[in-house]
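Take a look at the letters that make up each chain.
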Amino acid sequence: SYAVPFPQSGPTTPGNAAIFRDGVALAPVNAPNSVKRAIWAANQLRTKSYRYGGGHKTFYDSAYDCSGTVSYALAGAGLVRVPLSSTEFRAYGDRGPGKWITVYARNGHTFAVIAGLRLDTTSPHNPSRRWAPRWQPTDRMPKGFEARHPIGL
C-alpha cells in the first residue's frame, strides 16, 4: 500500500486523446482505466515543486524530479511498485512507443506522453519558466531518448 491514495476517478473528455485545460489533463473516456488513473495521478502533482535528483524512496513527497513524476503517474495506474530513476526507465516495459503511454528515457532525464499529452518537468513551455512536474501542451522532440512503454499499453 502507498502512503498517498491515488485517485480512482477524475475529469474525462470524449474520445481517445487527453486534453489539457486550466492546468489539468482530462483523461479520454476510451482509454483503459489504468491510463485514466495515470493521468489523474499526474494531475495531483500540478502544484508540486521540482527537486533535482528527487527522493526515489517514496511516491509521497513535497517535490518531484523527472523520474519521480513519471513514476508517480505510473504508480497511480498500478504499473510500477517503486519509484524508478531515469536510468532504470531505459529498461522499463517494452521497447518502442506504446499505444497509450510512452516513457522517453535517457541518462539524466525522463518524461512521458500519456494519451497524447506530455508529462515533463522541464521549463520551456510552462508559464513560470521553472522546472516542475506539469502537463505540457506541446511536443518535445525525443532525440537521444529511448522510447519504452508499459506492456500492453
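See the structure shown above.
Residues numbered from 1 in each chain as written. Predicted model: local features only at pLDDT ≥ 70, side-chain atom pairs only at ≥ 80, totals over all residues. Heavy atoms only, no water.

1. What about the pattern of salt bridges?
Thought 1: Applying the stated criterion to the full structure yields 3 salt bridges.
Thought 2: When the shortest N-O distance is used, the salt bridge between Arg51 and Asp61 registers 2.9 Å. Taken together, the residues span a long stretch of sequence, with Arg51 in the loop between β4 (49-50) and β5 (63-64) and Asp61 in the loop between β4 and β5 at a distance of 10 residues.
Thought 3: Residues Glu146 and Arg90 are paired through a salt bridge, measuring 2.5 Å at the closest nitrogen-oxygen approach. Residue Glu146 is found in strand β11 (residues 146-149), and its partner Arg90 is found in the loop between α3 (86-89) and β6 (94-95); the two are separated by 56 residues along the sequence.
Thought 4: Accessibility expressed as a relative area gives 28% for Glu146, which makes it partly exposed.
Thought 5: Judged by its relative accessible area of 30%, Arg90 falls in the partly exposed class. (Salt bridge = Lys/Arg side-chain N within 4 Å of Asp/Glu carboxyl O. Helix = DSSP H or I, 4+ residues; strand = E, 2+ residues; numbered from the N terminus. Buried < 20%, exposed > 50% of the residue type's maximum accessible area, 1.4 Å probe, protein only.)

2. Digging into the packing of helix α1 (residues 33-43) against helix α2 (residues 66-76)
Thought 1: Contact geometry of α1 with α2 gives a least axis separation of 7 Å together with a crossing angle of 135°. One way to sum up the angle between α1 and α2 is to call them oblique. For the element pair α1 and α2, the recorded crossing hand is right-handed. Residues Arg37, Ala38, Ala41 and Ala42 of α1 touch α2, and the partners they reach there are Tyr72, Ala73 and Gly76. (Axes fitted to C-alpha atoms, helices over the stretch in contact; angles between N-to-C directions. Parallel < 35°, antiparallel > 145°, perpendicular 65-115°, else oblique. Left-handed = near helix turned anticlockwise from the far one by under 90°. Contact = heavy atoms within 4.5 Å.)

3. A short note on the side chain of Ser86
Thought 1: Summarising the element assignment, Ser86 is placed in helix α3.
Thought 2: Polar contacts involving the side chain of Ser86 include one to the main-chain amide nitrogen of Gly108, which spans 3.3 Å.
Thought 3: Setting aside residues up to four positions removed in sequence, Ser86 forms contacts with Ser67, Ala105, Arg106, Asn107, Gly108, His109 and Thr110. (Polar contact = N/O pair within 3.5 Å; in protein donor to acceptor, adjacent residues only side chain to side chain.)

4. Quick notes on the nonpolar core
Thought 1: Among the nonpolar cores identified, the biggest contains 35 residues, and Val35, Ile39, Ile101 and Ile114 are the most heavily contacted of them.
Thought 2: Where this core is concerned, the elements lending two or more residues are β3 (24-28), α1, α2, β7 (101-106), β8 (109-114) and β9 (117-120).
Thought 3: Residue contributions to this core peak at 6 residues, all from α1.
Thought 4: Ignoring sequence-local partners within four residues, the contact set of Ile114 consists of Ala18, Val35, Ala38, Ile39, Ala73, Trp100, Ile101, Leu119 and Trp135. (Core = buried A, V, L, I, M, F, W, Y, C linked by side-chain atoms within 4.5 Å.)

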